[in-house]
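One-letter residues, chain by chain:
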Amino acid sequence: MSQRGCVRCGIRVAARNQREAVVRSWAVRLSGRTSYAHMYRLVDQLPLCAGCLEEMPVIGERICEQCGRSWEHQGQQNLLESRALRCRDCRSIGESALGGNRGLLRYDDWGKDLLGLYKYRGDERLADFFGKLLTLAIYRYFRSGQFDYLVAVPLHAKRLSERGFNQMERVAGQLSRAIGVPVQDALTRTKETAKLSQQTGREVRIHSMQDAFAWKGEAAHPKKPSRILLLDDIYTTGSTLRACAQAIHKDETVKSHIWSLTIFR
Amino acid sequence: MREYLLYVKVGREPIQAYVTPCFRVDQHFWQEKEGSQLYVIGRTPSLAMAFSLRERLHQYLQERQASTVNEQALAGMRQIALTGVRESNALYGHTFSDDQSGPREWFAWRERVDEQDGGSSPLSNRGDIEQVKEVLAGRALLWEEMERLLQTHGIAVPDLPQLLQRLVLSGDAQWLPGVRLQVRKSWLRHSLELECTRCGSGKEKIELTTCHTCGQGCAYCTECIGMGRSKCCTPFLCVPAKRAPSSHTGHAGRLAWSGRYSRDQEVAADRARQFVLNHWGRNVEFLIWAVCGAGKTELLFPSVVAALEQGERVLIATPRKDVVLELAPRIQRVFPEARVIAVHGSSKEKWEECDIAIATTHQVMRFYQRFFLVVLDEVDAFPYHQNPVLYRAVARAVKTGGRLLYLSATPPRYLQKRLVAKKKSLLGRSSYALYSSSHVLLPGRYHGHALPVPQICTVSGLDKLLAAGRVITPLHDMLKASLDAGRQVFVFVPRVEEVPRMLGYLQVMLPDYREGMAGVHASDPAREEKVMAFREKAVKLMVTTTILERGVTIPGSDVAVVGAQAPVFDEASLVQIAGRVGRSPDDPKGTVLFVQSYRAAAPQAAVRQITQMNQLAKQLRDRREMA
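Definitions and cut-offs
- Residue positions are given per chain, counted from 1 along the sequence in the order it is written.
- Each chain is given a letter, starting from A, and each ligand a number, starting from 1, according to the order in which they appear as written.
- Predicted model: local features are reported for residues with pLDDT of at least 70 only, side-chain atom pairs are reported and counted for 80 or more only, and whole-chain, interface and lining totals are derived from all residues.
- Heavy atoms from the whole structure form the basis of all side-chain values; hydrogens and water molecules are not counted.
- Helix and strand assignments follow DSSP, with helices taken as H or I runs no shorter than four residues and strands as E runs no shorter than two, numbered in order from the N terminus.
- Only protein chains enter the accessibility calculation, which uses a 1.4 Å probe. A residue is then buried if its area is under 20% of the maximum for its type, exposed if over 50%, and partly exposed in between.
- It only takes one pair of heavy atoms within 4.5 Å for two residues to be counted as in contact.
- Each accessible area is a Shrake-Rupley result for a 1.4 Å probe, and residues are judged covered by the shown protein chains and nothing else.
- Fitted lines through C-alpha atoms serve as axes, helices being fitted only where they are in contact, and the angles separating the N-to-C directions of these axes extend from 0 to 180 degrees.
- Every angle not falling under 35 degrees, over 145, or within 65 to 115 is termed oblique; those three ranges are roughly parallel, roughly antiparallel and roughly perpendicular.
- Crossing handedness: left-handed means the near helix sits turned counterclockwise from the far one by under a right angle, and right-handed means the same turn made clockwise.
- Think of it as three bins: nonpolar holds Ala, Val, Leu, Ile, Met, Phe, Trp, Tyr, Cys and Pro, charged holds Asp, Glu, Lys and Arg, and polar takes everything else, Gly as well.
- Helices are assigned an expected span. That span is 1.5 Å times one less than the residue count.
- Salt bridge criterion: a side-chain nitrogen from Lys or Arg within 4 Å of a carboxyl oxygen from Asp or Glu.
- Under the rule applied, a polar contact is a pair of N or O atoms within 3.5 Å (in protein, one hydrogen donor and one hydrogen acceptor; residues adjacent in sequence only if both atoms are side-chain atoms).
- For the purposes of this description, domain bounds are those given by an automatic or database domain assignment.
- The positive count covers Lys and Arg only, the negative count covers Asp and Glu only, and His and the chain ends enter neither.
- Take the accessible area each of two parts loses on contact, using a 1.4 Å probe, and add the two losses: that sum is the buried area.

Caption draft 1: Structural detail: the overall build of chain A. Each helix and strand counted, chain A has 11 helices and 6 strands in total. Taking all 265 residues of chain A together, 51% fall into the buried category. Long-range pairs, those at least 24 residues apart, make up 74% of the contacts in chain A between residues at least 6 apart in sequence. Carbon together with sulfur atoms contributes 48% to the accessible area of chain A, which is approximately 13,000 Å² in total.

Listed below in structure tokens is the structure:
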């Protein structure tokens, strides 16, 4: 645990053996693709105390295979059709450039304040914490070497200058260092959209995101398709990530394989 | 992206260096003023860098002490600036080793720029300037906060930087970087000094970062991040309040209070008022030291009246939000004609104009030389104690020539040393003086009864006995006696984890009163309800951490501190805890028990302080009876 104590509640001295038990139980639950020992290390690194670690709202095993949404925390209708592989939203969207999405945590009170503190208040020290969460997530959901490079969802230049930093760029840097996959900084936001919280309705959101991004990445004729992992903080309707994927696909003749990974889903 | 230009002014006064975001305004201003010569040194997008270079130039100019410059001197100054930038670059890169991209230009610097920076001509009209000045007077704000404040007042100025620069030049405002940057030289190693201009925190609280706002090496303060980010490139504006709000002089000071002072209270309150009124005295600080239950808030009224009658503003700063919320309506009732506002993190009226502001300590950071009288309640409580940041903020909120009034039942040592005179008796024993020009001491409670003196009992192996569920006789007897007599009891424990443990222990120990027990700590979601239940006597025994040590008054209650040796219980805190007992005139007696597992200094010191206060109160009473 870091010098600063738990990032969520600030408790410095945690009951050590208690925390160890929690870490172990998480490591057992999350080590599917990677070894228990590796997962144990990843969980242990998180700067959280025993209590906060235990309450961490990690998405379970049963998820929509498209968007990574958890079945257990859905409305009734979705529960009824839980035999299906994809959730209703994903089915209504149909094919898109985005291969699929995975998220690590459910977006509830546990993480809301932390993300707000990082994004809006600008406590950049939290980049380290979110980077560690994403590292954990990538080992949980993907094989190592599955991606050629990482791309963080960009901010509009104006928003960037207001905020002073791109929250996902920082996290992507952390992740890249941890897993040894390079970050490519070739996606730009061309359209300024209103804040997520100020947009109402799924339709409005999807519409506003159309052509919001531009890709100035590699030459359009690569030998083989490249494998790209998009990174964002939260997947709500998925329109941001789909628009990003769309922008990447636009000029390519050999289409890349694009997946996305978010902290919250 | 804003750029800052550094120039020197040569005129009739000694040579001065200036930083400006819009050179045109400065050119215009100096031409108007005295026709001085301006020489540009260079420009940089980093505000902190510009100020650090200005500092260097000032030093250089002071050593040189010439009133004219030639080409050579100018070249010398440019060289100084360039060296400064290079040194900062190297040091910044060294400290911020996060990036592996090798050496890099952290701070851009351009010399000899074309002076036409294309900004609009400085034609802000006077009305705008006055309006902005009016709104910002007495505030210390970051750029974003200032924009928001102007917006809420419906003021839209197209060329705000230019307008503010005019205010800066005419000496009505100060424009500073949010985080200050300086190269400190030493024979061993140079280092980068960083300081938050708003809260004054040093290097250990400041994080370096690459910033997309200025595109330069940047740093932000993590200490005060809850109130917006203070960064190297964020301008921090301080505008002093020049004159009193003249609108309704006098009326605001009408006091509608029907309570009566005791003799001692009256004297103390009057001394405080004298301090506020005394224009010639050199004292700017005054301490009202009144024991728990002496009626401290009421003592303030005459001083507040004195300030209001002069048409001045008053600030009462207190550490906790619940106190702000409780105090504001009370003060409003007493001063019906004054505008009273409650200023805390989520309050709606925090930007309003006022006569009396009641603020949490952190909000005080947003004020700048605004109040004539600033009262600090409970200086010994958590946020102030040992926290130079908040002392600094409070001192900054006082107007030049204003007054600072501390209020405490247990002033910390450093305040005692500074403000309280000691007097020696014939036998050589020293005791506190009852008053001096910088303090007044009120050793007795308003109902005239002595403070209950705590009993200390040492139980070795206290933790083990508790864990084993063994009976601790003195504690058991005391609790049983109190509960049997129908009184309520606070049981203080040092740590949060011990609250449920202690509660369980007591429930086994005193099964008759099982139902009427509860435990509370700071992050308890049902905290308010539990305290309410305790006030309403639904709960007879409350196990608590130090959160209830002040502010809670329960008539007819007793106190036990279990684990009084723990470092969280220092002298001040124990005196406060003992002060919970016997506050109401109907029931001025009570029991206070400190149970410690080994002999510790703090409980003894607390008992000593309480007995001393009782003695002083007795002396005071005797003297009065003789007279």
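Caption draft 2: Inspection of the packing of helix H6 (residues 109-121) of chain A against helix H7 (residues 126-141) of chain A at higher detail. Residue and element names in this part refer to chain A. Axis separation between H6 and H7 bottoms out at 10 Å; the angle between their running directions is 130 degrees. By the criterion of interaxial angle, the relationship of H6 to H7 is oblique. Crossing of H6 against H7: the hand is left-handed. For the pair H6 and H7, contact is made by Trp110, Leu114, Leu115, Leu117 and Tyr118 and by Leu126, Ala127, Phe129 and Phe130, respectively. Here the contact of H6 with H7 is composed, by residue class, of 9 nonpolar, no polar and no charged.

Caption draft 3: The arrangement of H7(A) in detail. Taking 1.5 Å of rise per residue, 16 residues should cover 22 Å, and H7(A) covers 23 Å from first to last C-alpha, within 8% of that figure. H7(A) sits mainly inside the fold: 14 of its 16 residues count as buried.

Caption draft 4: Spotlight on the interface of chain A and chain B. Each partner contributes residues to the interface: chain A has 15 residues there, and chain B has 16 residues. Counting across the chain A and chain B interface gives 1 salt bridge. Across the pair Glu124(A) and Arg229(B) runs a salt bridge whose closest N-O atoms are separated by 2.6 Å. At the junction of chain A with chain B, the criterion picks out 11 residue pairs in polar contact (both at pLDDT 80 or more). Elements with a minimum of two residues in the side of chain A that touches chain B: helix H8 (157-163) and helix H9 (167-179) of chain A. The dominant element in the side of chain A that touches chain B, judged by the number of residues it contributes, is H8(A), at 4 residues. Residues of the side of chain A that touches chain B, tallied by class, amount to 2 nonpolar, 4 polar and 9 charged.

Caption draft 5: Representation of the environment of Lys191(A). All names here are of chain A. Secondary-structure assignment places lysine 191 in the loop between strand S3 (187-189) and helix H10 (202-209). For the pair formed by lysine 191 and histidine 156, sequence separation is 35 residues and the distance between their alpha carbons is 7.1 Å. Sequence-distant contacts of lysine 191, that is, excluding residues within four places in its chain, are made with His156, His207, Ser208, Gln210, Asp211 and Ala212.

Caption draft 6: Fine view of the environment of Gly145(A). With respect to the helices, strands and loops of the structure, Gly145(A) is situated in the loop between H7 and strand S2 (149-152). Judged by its relative accessible area of 55%, Gly145(A) is exposed.

Caption draft 7: Highlighting unusual backbone geometry. Residue and element names in this part refer to chain B. Look at glutamine 369: it is not a glycine, yet its phi comes out positive at around 45 degrees. In this fold, glutamine 369 is placed in the loop between strand S14 (356-360) and strand S15 (371-377). The class for glutamine 369 is partly exposed, based on a relative accessible area of 22%. One non-glycine residue, lysine 537, lies in the positive phi region at around 70 degrees. Turning to its location among the elements, lysine 537 is positioned in the loop between helix H15 (527-535) and strand S24 (541-544).

Caption draft 8: Here's a closer look at the domain arrangement of chain A. Residues and elements named next belong to chain A. As assigned here, chain A comprises domain 1 (1-56) and domain 2 (65-264). Facing 17 residues of domain 1, the contacting portion of domain 2 comprises 15 residues. Counting every contact that joins domain 1 to domain 2 gives 0 salt bridges. One can count 3 residue pairs in polar contact (both at pLDDT 80 or more) joining domain 1 with domain 2. Put simply, the parts of the chain that give the side of domain 1 that touches domain 2 at least two residues each are helix H2 (36-45) and helix H3 (50-55). With 5 residues, H2 is the largest single contributor of residues to the side of domain 1 that touches domain 2. Each residue belonging to the side of domain 1 that touches domain 2 can be placed in one class, and the counts come to 10 nonpolar, 3 polar and 4 charged.

Caption draft 9: Inspection of the side chain of Arg78(B) at higher detail. Residue and element names in this part refer to chain B. By the element assignment, arginine 78 lies in helix H3 (residues 71-95). No salt bridge is formed by the buried arginine 78, whose closest oppositely charged neighbour, glutamate 111, lies at an N-O distance of 4.7 Å. Among the polar contacts made by the side chain of arginine 78, one reaches the main-chain carbonyl oxygen of valine 40 at a distance of 2.6 Å.

Caption draft 10: Summary view of the domain arrangement of chain B. Residue and element names in this part refer to chain B. Domain parsing of chain B yields domain 1 (4-239), domain 2 (251-442) and domain 3 (455-621). Opposite the 19 residues of domain 2 that make contact, domain 3 presents 15 residues. Across the interface of domain 2 and domain 3, roughly 1,500 Å² is buried in total on both sides, 55% from carbon and sulfur atoms. The tally of links between domain 2 and domain 3 comes to 1 salt bridge. Put simply, glutamate 571 and arginine 413 hold a salt bridge, and the shortest N to O gap is 3.4 Å. Counting every contact that joins domain 2 to domain 3 gives 1 residue pair in polar contact (both at pLDDT 80 or more). Per-element accounting of the side of domain 2 that touches domain 3 gives the leading share, 3 residues, to strand S18 (residues 430-432).

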